[in-house]
Amino acid sequence: MVMNVKTMEGLAGASTSVNMLSTPMNVAKEAERKGDVDKMQRALGYAAGVVDQADAYSEKTSKGMELDAKEAKKEKEEQQEKLIEARRAERQEQAEKNGQAQKTETGAGKTGGVDADQVEISEEGKELAQTAGQTSPGGVDSVQDATYGSSGEILSAAQAAGGNIDVSA
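J.: Sorry if this is basic, but what is going on with the pattern of salt bridges here?
T.: Should the charged atoms of two oppositely charged side chains come close, the side chains can pair. Applying the stated criterion to the full structure yields six salt bridges. One salt bridge connects K60 with E9, and the closest N-O pair in it is separated by 2.7 Å. Here K60, found in helix α2 (residues 37-104), pairs with E9, found in helix α1 (residues 5-34); they are 51 residues apart in sequence, far enough to count as distant. We classify E9 as partly exposed; its relative accessible area is 38%. Between E30 and R33 there is a salt bridge, and its shortest N-O distance comes to 3.3 Å. With E30 and R33 both in helix α1 and three residues apart, the pair spans about one turn of that helix.

J.: I would appreciate a short explanation of the side chain of T7 in the present structure.
T.: Along the chain, the position of T7 falls in helix α1. Exposure remark for T7: the relative accessible area of 3% places this residue in the buried category. At 3.2 Å, the side chain of T7 and the backbone nitrogen of M65 are in polar contact.

Calculation rules
- Within each chain, residues carry numbers counting from 1 in the order of the written sequence.
- Residue-level local features of this predicted model are given only where pLDDT is at least 70; pairs of side-chain atoms are given and counted only at 80 or more, and the full residue set underlies all totals for whole chains, interfaces and linings.
- Side-chain measures were taken over the full set of non-hydrogen atoms in the model, leaving aside hydrogen atoms and water.
- Any Lys or Arg side-chain nitrogen located within 4 Å of an Asp or Glu carboxyl oxygen qualifies as a salt bridge.
- Strands here are runs of E lasting at least two residues and helices are runs of H or I lasting at least four, both read from the DSSP assignment and numbered beginning at the N terminus.
- The buried label applies to any residue whose accessible area, calculated with a 1.4 Å probe on protein chains only, is under 20% of its type's maximum; exposed applies above 50%, and partly exposed to all values in between.
- In protein, a polar contact means a hydrogen-donor-capable atom and an acceptor-capable atom, both N or O and within 3.5 Å, with residues adjacent in sequence counting only if both atoms are side-chain atoms; elsewhere, any N or O pair within 3.5 Å suffices.

Shown next, in the form of structure tokens:
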């Protein structure tokens, strides 16, 4: 981060003014010891001028720091906006890739325009299924339509059709 010119000028000026303040204060102390009231008043007047100058530089420093803070905030917001834009572009790119991938598919995984899950069975799995007698020669299971209960058993036709069920035990 770059420091604002006003901040640098204010800090340098205030520092110089504080360093310059020691000279008139030493002169005022010496004049007070000697009893020279006029010399002491002149030195204190000069010291007051240096203090006013330091205050002016302090104000300039404060304004410069405010500008620095505004610039830092603006820079941070711009950086956040850049990150947001990059993420949007990344999402859009990802969506385009996904869209192209779906277009290049031969229709597998689509049923009536709705995405469906796909399963690929390995050759070893097909062989095991055929040897166990679980698949028909067409490669598709022949399963009767049935309604299953919460424990996994097949419900009778009356239960599936909504017939009377006795739940008293």
